[in-house]
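Residue-level listing of the chains:
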Amino acid sequence: MALVESLDIPLGTTMPAFNLPSPDGALYNSASINGPKGLLVAFTCNHCPYAIAIWPRLIKLADEAKTWGINTVGINPNIHPNYPDDAPDKMKIKIKEWGIKFPYLIDESQQVAQSYKAQCTPDLYLLDPTGKLVYHGRLDDNWKEPEKVQVQELRNAMLALKEGKAITSNQKPSMGCSIKWR
C-alpha cells in the first residue's frame, strides 16, 4: 500500500466529461448525473483502508448534498487483476452492503482517472454546475477516527457551493492508497 496525496489542480479548471458503466451495465455520463448545483466526483474503491474509512461519511454526505442539488458519483479506477476485491462483481456487493445510493462506476480503462489526474483512493473533486473544479481536497480533518473530526472541509465547500458563496482556496489534499495503474 503506497500512501499518496492528491495533486494540486488549479481551481476553475474545467474537468473532462465522462461516460462510464455501472457494475449492472447501465451507462452514465457526467452531464446527466450533474446536479443543478454541482457534482462530487469521488475516485474510490472497495479495498483501500483510507477509502473504506470514509465510505460511511461519504455516503451520508452524498445523501445530504443531494437535497442541496449536488449529486455524487463514485468512480472505481482499480479494475485490475491483482486487486480482485475491486472487481465489478465485488462493487455490486458493496453497493448493497454499504447502501450506496449514487452511481458507483467502473473506469476499467483508467482513462477518466488519468484525465482527472487522480492519484489516490479516495480522490475527491467538487465541480460547479458548469463542470469547473471548485474543491479538490480531503473529506475532513481525520480520515481514521470520525468521532475526532473537527472540520468537515468537503461539506463546508458543498454548503458554500449550494449557497453561491466563495469556497476557500486553502484546500488540503486527500490522501490514500495509490491508484492501481495497469
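In what follows, the structure referred to is the one given above.
Presented here is a report on the structure given in the accompanying data block.

What counts and what doesn't
Residues numbered from 1 in each chain as written. Predicted model: local features only at pLDDT ≥ 70, side-chain atom pairs only at ≥ 80, totals over all residues. Heavy atoms only, no water. Helix = DSSP H or I, 4+ residues; strand = E, 2+ residues; numbered from the N terminus. Rg over C-alpha atoms; globule rule 2.2 N^0.38 Å. Buried < 20%, exposed > 50% of the residue type's maximum accessible area, 1.4 Å probe, protein only. Contact = heavy atoms within 4.5 Å. Pairing = 2+ DSSP bridges. Axes fitted to C-alpha atoms, helices over the stretch in contact; angles between N-to-C directions. Core = buried A, V, L, I, M, F, W, Y, C linked by side-chain atoms within 4.5 Å.

### Description of the overall build of the protein chain
Within the protein chain one finds five helices and ten strands. What you see for the protein chain is a C-alpha radius of gyration of 15 Å, in line with the 16 Å of a compact globule of 182 residues. On the principal axes, the C-alpha backbone points of the protein chain span a range of 45 × 35 × 30 Å. Residue burial in the protein chain is summarised as follows: out of 182 residues, 50% are buried.

### Details of helix α5 (residues 153-163)
For α5, the set of buried residues is Glu 153, Leu 154, Ala 157, Met 158, Leu 159, Ala 160 and Leu 161. Lining the buried residues of α5 we find β4 (38-43), α2 (49-66), β5 (70-76), β8 (123-127) and β9 (133-136).

### Observations regarding the sheet that holds β4
Backbone hydrogen bonds are what pair the strands of a sheet, in a parallel or an antiparallel way. Spatially, the five strands line up as an open sheet ordered β6-β5-β4-β8-β9, and their pairing is mixed. Two strands bound the open sheet, and with one partner strand each, they are β6 (104-106) and β9. Shown here is a sheet whose adjacent strand axes are inclined to one another by a mean of 25 degrees, direction ignored. The pairing of β4 with β5 spans six bridges and is parallel. Opposite Phe 43, over in β5, you have Ile 75 as the bridge partner. Docked against the sheet, helix α3 (residues 88-98) engages β5 and β6, running at close to 180 degrees with respect to β6. Sitting on the sheet, α5 touches β4, β5, β8 and β9, and the angle it makes with β8 is about 10 degrees.

### Here's the deal with the environment of Pro 56
With respect to the secondary-structure elements, Pro 56 resides in helix α2. Distance in space between the C-alpha atoms of Pro 56 and Val 4 is 21 Å, their sequence separation being 52 residues.

### Observations concerning unusual backbone geometry
In this model, Thr 121 is joined to Pro 122 through a cis peptide bond whose omega is 5 degrees. By the secondary structure assignment, Pro 122 is in the loop between β7 (120-121) and β8. A positive phi angle is found at Gln 110, which is not glycine, with a value near 65 degrees. Mapped onto the elements, Gln 110 comes out in the loop between β6 and α4 (111-116). Residue class for Gln 110 comes out buried when judged on its relative accessible area of 2%.

### Concerning the nonpolar core
Of all hydrophobic cores here, the largest spans 34 residues; its most connected members are Trp 55, Leu 126, Leu 154 and Met 158. Elements supplying a minimum of two residues to this core: β4, α2, β6, β8, β9 and α5. Considering each element in turn, this core owes the most residues, nine residues, to α2. Apart from residues no more than four positions distant in its own chain, Met 158 is found in contact with Leu 40, Leu 61, Ala 65, Trp 68, Ile 70 and Leu 126. Ile 75, Val 112, Ala 113 and Tyr 116 belong to the second-largest nonpolar core, a separate cluster that totals 19 residues.

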